[in-house]
Amino acid sequence: MSVKGVKGAVKQPRLEPAQGMDSVGDTLQRLRESFSAGRTRPAEFRVTQLKGLGRFLRDNKQLLQEALARDLRKSAFEADISEFLMCQMEVTLALKNLHTWMKDEPATKNLLMLLSSTFIRKEPFGLVLIITPWNYPLNLSLVPLVGALAAGNCVVLKPSEISTSTEKVLTEVLPQYLDQSCFAVMLGGPEETGQLLEHKFDYIFFTGSPRVGRIVMTAAAKHLTPITLELGGKNPCYVDDNCDPETVANRVAFFRYFNTGQTCVAPDYVLCSPEMQERLLPALQSTIARFFGEDPQSSPNLGRIINDKHFQRLQGLLGCGRVAIGGQSDQSDRYIAPTVLVDVQETEPVMQEEIFGPILPIVNVRSLDEAIDFINRREKPLALYAFSKSNKVVNEMLDRTSSGTFGSNDGFTYLTLPSLPLGGVGNSGMGRYHGKFSFNTFSHHRACLLSPPGLEKLNDIHYPPYPDWKQRLVRWSLGPQSCTLL
Amino acid sequence: MERPRSLPEHSQLIKGIAGIRTQGQAALLTGPGSPQLRSSACLDCAELPVPQRAPLKASVQSDQTAGGNIGMDSVGDTLQRLRETFSAGRTRPAEFRATQLKGLGRFLRDNKQLLQEALARDLRKPDFESEVSEFSMAQHEIHLALRNLRAWMKDEKVPRSLGTQLDRAFIRKEPFGLVLIIVPWNYPLNLSLVPLVGALAAGNCVVLKPSEISKNMEQVLAEVLPRYLDQSCFAMVLGGPEETGQLLEHRFDYIFFTGSPRVGRIVMTAAAKHLTPVTLELGGKNPCYVDDNCDPETVANRVAFFRYFNTGQTCVAPDYVLCSPEMQERLLPALQSTIARFFGEDPQSSPNLGRIINDKHFQRLQGLLGCGRVAIGGQSDQSDRYIAPTVLVDVQETEPVMQEEIFGPILPIVNVRSLDEAIDFINRREKPLALYAFSKSSEVVKQVLARTSSGGFCGNDGFMHVSLASLPFGGVGASGMGGYHGKFSFDTFSHHRACLLRSQGMEKVYSIRYPPYTPRNLRMLLVAMETRSCSCTLL
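Definitions and limits used
- Every residue gets a number counted from 1 within its own chain, in the order that chain's sequence is written.
- Each chain gets a letter, beginning with A, and each ligand a number, beginning with 1, in the order they are written.
- The predicted nature of this model means local features are confined to residues of pLDDT at least 70 and side-chain atom pairs, given and counted, to a pLDDT of 80 or more, with totals for whole chains, interfaces and linings taken over all residues.
- The side-chain values count all of the structure's non-hydrogen atoms but skip hydrogen atoms and water molecules.
- Under the scheme used here, helices are H or I runs from DSSP no shorter than 4 residues and strands are E runs no shorter than 2 residues, and both carry numbers assigned from the N terminus.
- Any residue under 20% of the maximum accessible area for its type is buried, any over 50% is exposed, and the rest in between are partly exposed; the area is computed with a 1.4 Å probe on protein chains only.
- Note on contacts: a residue pair qualifies if any of its non-hydrogen atoms lie within 4.5 Å across the two residues.
- Note on areas: these come from Shrake-Rupley sampling with a 1.4 Å probe, and a residue is covered only by the protein chains present in the view.
- A 1.4 Å probe that fits but cannot get out identifies a cavity on a 1 Å grid over protein atoms alone, an open set with protein on both sides within 12 Å along at least five of seven lines counts as a pocket, and a residue lines either if it has an atom within 4 Å of a point.
- Grid points are joined across faces, edges and corners, and a volume is the space filled by probe spheres set on the points.
- Note that Gly is not counted as nonpolar here; it falls among the polar residues with everything else outside the nonpolar set of Ala, Val, Leu, Ile, Met, Phe, Trp, Tyr, Cys and Pro and the charged set of Asp, Glu, Lys and Arg.
- pLDDT is defined as a per-residue confidence score from the predictor, taking values between 0 and 100.
- Each reported salt bridge corresponds to a side-chain nitrogen of Lys or Arg within 4 Å of a carboxyl oxygen of Asp or Glu.
- Side-chain atoms alone can form a polar contact between residues adjacent in sequence; in general such a contact is a pair of N or O atoms within 3.5 Å, and within protein one must be able to donate a hydrogen while the other accepts it.
- Two strands form a pair only when DSSP identifies at least two bridges running between them.
- Here an angle of 0 to 180 degrees is reported between the N-to-C directions of two axes, which are lines fitted to C-alpha atoms, with helices fitted over the stretch in contact.
- For classification, angles of less than 35 degrees are called roughly parallel, those exceeding 145 degrees roughly antiparallel, those between 65 and 115 degrees roughly perpendicular, and all remaining angles oblique.
- For any helix crossing, the convention is left-handed if the near helix is rotated counterclockwise from the far helix by under a right angle, and right-handed if that rotation is clockwise.
- Pairs were defined over the aromatic rings of Phe, Tyr and Trp, the Trp ring being its six-membered one, requiring ring centres within 6.5 Å. Orientation was assigned from the angle between planes: stacked under 30 degrees, edge-to-face over 60, tilted for the rest.

Enquirer: Tell me about the overall build of chain B, and please be specific about residues and values.
Expert: Scanning chain B from N- to C-terminus turns up 16 helices and 21 strands. Here chain B, with 539 residues, has 65% of them falling under the buried criterion. Contacts in chain B between residues at least 24 apart in sequence constitute 71% of all its contacts with a sequence separation of at least 6. Accessible area of chain B: about 18500 Å², with a carbon and sulfur share of 52%.

Listed below in structure tokens is the structure:
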């Protein structure tokens, strides 16, 4: 485990902050002190940090692109639209709206409070921990970071030790662009993260698996720390008979094989009738050939599996059902061909775990009702997709299921809209972020009421003793519309 | 634990019973396991775990027609039944939700006297206090929810980017499913009904676990409330800590807990096992800073009113006063005369002062009376569970009264020499649920606000902010997480589902995002994306 990026030879795996020589406890203490001193609160300070993030992205684009290529063989195109652009967009949005987001939000008053001022103040929580996975190591570090810094928090970032190249850039370069007194990077694997979680944080933002999500939440409970858990799940993709197979094939294949399938919101499996499957398979075949050529292994547009462990897991899944398209794999290259499986049984591993790779099983259902039943028998997914030319079918799927997000006739395009929250439900997580939702996630909403110090006579009505006339007056004034007098 | 085990001889079902199950029909709880049998219910299960494991029971199932044929299903069965109702979509239509909310309103109106009596028996709560802090707040929430239900339920349209102009983008508010609400004993009606309004308005099925400590209210809630709600989507589970622990092993889709930080940790740990989101409404020691620039009479009125309201058993009550020795000198006579005016020369005989909930808390509070020096009050009477409205001075930070949430009619005054010292004092401690600052100078009030953190904040007053449904009520840090009241309750109990609906057309346009990726396509995408700062349009 000490391979996982702890600097220097340490016998026992020890949690270490990336920068400097002080212990984790010291680093956290240092961050807490800058927070207590109010350093991170002024809008100007936050703006400087956000601009720093923007410069980090621009100055180091090539370095980061190379790291992403080394970790995942992510193509420049994919890195551009799913990592750089989304981060940059969040930075720009936060910079543009920071002052508005920070403003006290006035709240409506009742009669007796006309002379008071009532508002909701957005306050930073304090010390935030962000734990990041390896599949979009830049996006999933920076997008929550934008929200946490915009909200005025101090942040500890724990990048994934699995995407080692990106981890290195984040560790060595990113801190140069941020104020060191309010930001630190911590490195390590599961064991070190476990140690880190024993410390008290004021907010924990975790992206990863439900299994680790449970561990994080249990650790957070000890300190009563609020959390956001962005987890995964098997995202169903229902394809109605009333569809154009070519369009569906394009859109499903694009989003399934994007980042080599290592996307938490990717369509995980297709639910359709046997007839639709017959029409879909040739369309998928030709789409895959068009996207990645006759030999996808030589395509520059298809990435690789992150590590051997995941490669082996995916290779095992290729044995489920029957391979209709693809199915090849090459251990030396960690290559898994874009694959479609058919005749898959619900009980097979490929239908039991989140696939997280370029494999698309098709499960047959005979009707919309059966598809909805199939979906509702399982854990609530992070995303759900429905393809149909009929609005009625789409709306029914939307109405009768639950999921973190929902897309019809497309994949995870909604992620590009910061006006929509990203977040799971049930087994796929809790809490949400992106755009203003991130800012709100990392802010405590403090209810504030400022009353005038005078006018004490008015208050007399609610002080004891309570003779009958007072009770009558109170009952009357507490009519249905207003709860005014307490 | 899913099935009732062999029952202890004297039917310790006591802790077991819950609602009645009839198909929307009112039915009386009779027969084995009805609360009437709970004659020997141990007063306070929190402190006295029953030696035998009392089986957890969910609801008394009564046959729709045969009144005598009453069986009991296990908690597991009850939860299963609620889940099925939810899956069938029964709770989703606005009409259904409105019916439930109206039922809650009727419950309050029809049983006002019964409820008032229960509150009087549990806490000797004066009618006035019940009126303003229990009935009116619950009623107000119901009205607000009924009036706004359809607006709250509406899909929330969101701005789109250039590339999603042809799509529909909105946030849908969906019920989570099965919600558990755990309620404390201090405002047993308010803290049951206000979250219940939010959970039902949002379209959830609800299991309500009232406090076993406020046992008269528990009984009314268990016997009467279910008659006003659809039994297929609502159930009550009764019991103490042990039963609640068993209940928490089941999976819920949301848990709403009001209580202590200690139990809050237990609840959140249990929730983690099922990845269940939680709202924790906890307590804390709420500081009350009194600046030198104050009118002592006004401050004395306002602090005493909110401190002694509900006999101090309020999670948002000002817990201690921070002020200069000079201000203390001016404040003490003012407090003395305020207390005499509020409760007379002998507060024990005042109808306007309640009592401590139980012996355990009485003894704890009696112990706290020994901290520092009694400046006002200090009397207590065990037989009546009476603690006089008390002010303590010369209190050390290390004494118990400054170490735990007081939750009784005792107000310690701690001296600080300046605003800065007060703020330091506050910030050295856990973040409180509420924070109060009194000063004629708005500058001082604003400094306290800006340089501290707390769940809620009130300048120159007590917990008035809690009565406004337009403000979220919730803690931060050790005082909890999540907020509710009014629309915040509805949002708390709703999953916010991001939805983007696109058509199948325009495939030619959308296909520039597909591989093989060419520099030309990438340029086109980037140009399209960068033309508008906040639109990443074509992915």
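There's more to say after this.
Enquirer: Talk me through empty space enclosed by the protein; I want residue IDs and the actual numbers.
Expert: Residue and element names in this part refer to chain A. On inspection of all chains with the given rule, the structure shows 13 cavities of 30 Å³ or more. As for the largest cavity, its lining consists of 18 residues, and the residues nearest its centre are Tyr136, Asn139, Leu140, Val265 and Leu415. Residues that form the lining of the largest cavity fall into these classes: 12 nonpolar, 5 polar and 1 charged. In this structure, the second largest cavity spans a volume of roughly 150 Å³.

Enquirer: Break down the confidence of the model for chain B for me, with residues and values.
Expert: Residue and element names in this part refer to chain B. Confidence in the prediction of chain B, expressed as mean pLDDT, is 86, and 84% of residues score 70 or more. Under a pLDDT of 50 for its full length, residues 1-72 has, in the predicted model, 158 contacts with residues more than four places off or in other chains. Low pLDDT, under 50, characterises residues 531-539; the predicted model gives this stretch 37 contacts beyond four residues in sequence or across chains. Across the assembled chains, the prediction reports ipTM 0.93 with pTM 0.91.

Enquirer: Let's hear about the interface of chain B and chain A: which residues, and what values?
Expert: At the junction of the two partners, chain B supplies 113 residues and chain A supplies 120 residues. Across the contact surface, chain B and chain A share 7 salt bridges. Between Lys200 of chain A and Glu430 of chain B there is a salt bridge whose closest N-O contact spans 3.2 Å. At the surface where chain B touches chain A, the tally comes to 49 residue pairs in polar contact (both at pLDDT 80 or more). Top contributing element to the side of chain B that touches chain A by residue count: helix α4 (residues 127-153) of chain B, with 9 residues. For the side of chain B that touches chain A, the per-class residue count stands at 54 nonpolar, 34 polar and 25 charged. In terms of strand pairing, strand β19 (residues 443-450) of chain A meets strand β19 (residues 456-459) of chain B through 4 bridges, oriented parallel. Bridging across to β19 of chain B, Leu449 of chain A finds its partner in Cys458 of chain B.

Enquirer: Give me unusual backbone geometry: which residues, what numbers.
Expert: Omega for the peptide link from Pro464 of chain A to Pro465 of chain A comes to -5°, which places this bond in the cis form. Along the chain, Pro465 of chain A turns up in the loop between α15 (456-459) and α16 (468-477). For the peptide bond that leads from Pro515 of chain B to Pro516 of chain B, omega is 0°, which places it in the cis range. When you line up the elements, Pro516 of chain B lands in the loop between α15 (507-510) and α16 (519-530). One non-glycine residue, Asn310 of chain B, adopts positive backbone phi at about 55°. Inspection of the secondary structure puts Asn310 of chain B in the loop between α9 (296-308) and β12 (320-323). For Asn310 of chain B, a relative accessible area of 1% gives the class buried.

Enquirer: An account of the pattern of salt bridges is requested, with residue identities and associated values reported.
Expert: Taken as a whole and assessed by the stated rule, the structure comprises 49 salt bridges over all chains. Notably, a salt bridge pairs Arg302 of chain B with Glu456 of chain A, separated by 2.6 Å at the nearest N-O pair. With Arg302 of chain B in helix α9 and Glu456 of chain A in helix α15, this residue pair bridges two chains. The salt bridge partner of Glu174 of chain B is Arg497 of chain B, with a shortest N-O separation of 2.4 Å. With Glu174 of chain B in strand β5 (residues 168-175) and Arg497 of chain B in strand β21 (residues 494-501), this residue pair connects regions lying 323 residues apart in the sequence. An identical accessibility class is assigned to Glu174 of chain B and Arg497 of chain B; each is buried. Ionic contacts of the salt-bridge type, sharing partners, join the residues Asp369, Lys392, Glu396 and Arg400 of chain A into one network.

Enquirer: Requested: an account of the confidence of the model for chain A, with residues and values cited.
Expert: Residues and elements named next belong to chain A. Averaged over chain A, the pLDDT score is 92; the fraction of residues at 70 or greater is 93%. The low-confidence segment residues 1-14 (pLDDT under 50) makes 20 contacts with residues lying over four places distant or belonging to another chain. Within the model, pLDDT remains below 50 along residues 480-486, and this stretch shows 32 contacts once partners closer than five positions in the same chain are excluded.

Enquirer: Break down the sheet that holds strand β10 (residues 269-272) of chain A for me, with residues and values.
Expert: On the basis of which strands lie adjacent, the open sheet formed by 10 strands has the order β11(A)-β14(A)-β15(A)-β10(A)-β9(A)-β16(A)-β17(A)-β21(B)-β5(B)-β4(B) and mixed pairing. The strands lining the two open edges of the sheet, one partner per strand, are β11 (322-325) of chain A together with β4 (156-157) of chain B. The sheet contact formed by strand β17 (residues 405-408) of chain A and β21 of chain B spans 4 bridges and is parallel. Counterpart to Ser408 of chain A in the pairing with β21 of chain B is Leu501 of chain B.

Enquirer: Which residues make up the packing of helix α2 (residues 43-59) of chain A against helix α5 (residues 139-150) of chain A, and what values go with them?
Expert: Residues and elements named next belong to chain A. One can describe the packing of α2 onto α5 by two numbers: an axis separation of 9 Å at closest approach and a directional angle of 160°. One way to sum up the angle between α2 and α5 is to call them roughly antiparallel. Seen along the crossing, α2 lies across α5 with a hand that is right-handed. Of α5, the residues touching α2 (which contributes Arg46, Gln49, Leu50, Leu53, Phe56 and Leu57) are Leu142, Leu145, Val146, Leu149 and Ala150. Partitioned by chemical class, the residues of the contact of α2 with α5 number 9 nonpolar, 1 polar and 1 charged.

Enquirer: Hey, could you go over the packing of aromatic side chains for me, with residue numbers and the actual values?
Expert: All names here are of chain A. Inspection of the entire model under this criterion finds 36 aromatic pairs over all chains. Ring plane angle 70° and centroid distance 4.7 Å describe the contact between Phe255 and Phe412, whose orientation is recorded as edge-to-face. A residue pair is termed long-range when its members are at least 10 positions apart, and Phe255 in helix α9 (residues 245-257) and Phe412 in the loop between β17 and β18 (429-430) qualify at 157 residues. The buried category is assigned to Phe255, whose relative accessible area is 0%. Here Phe412 falls in the buried class, since its relative accessible area comes to 3%.

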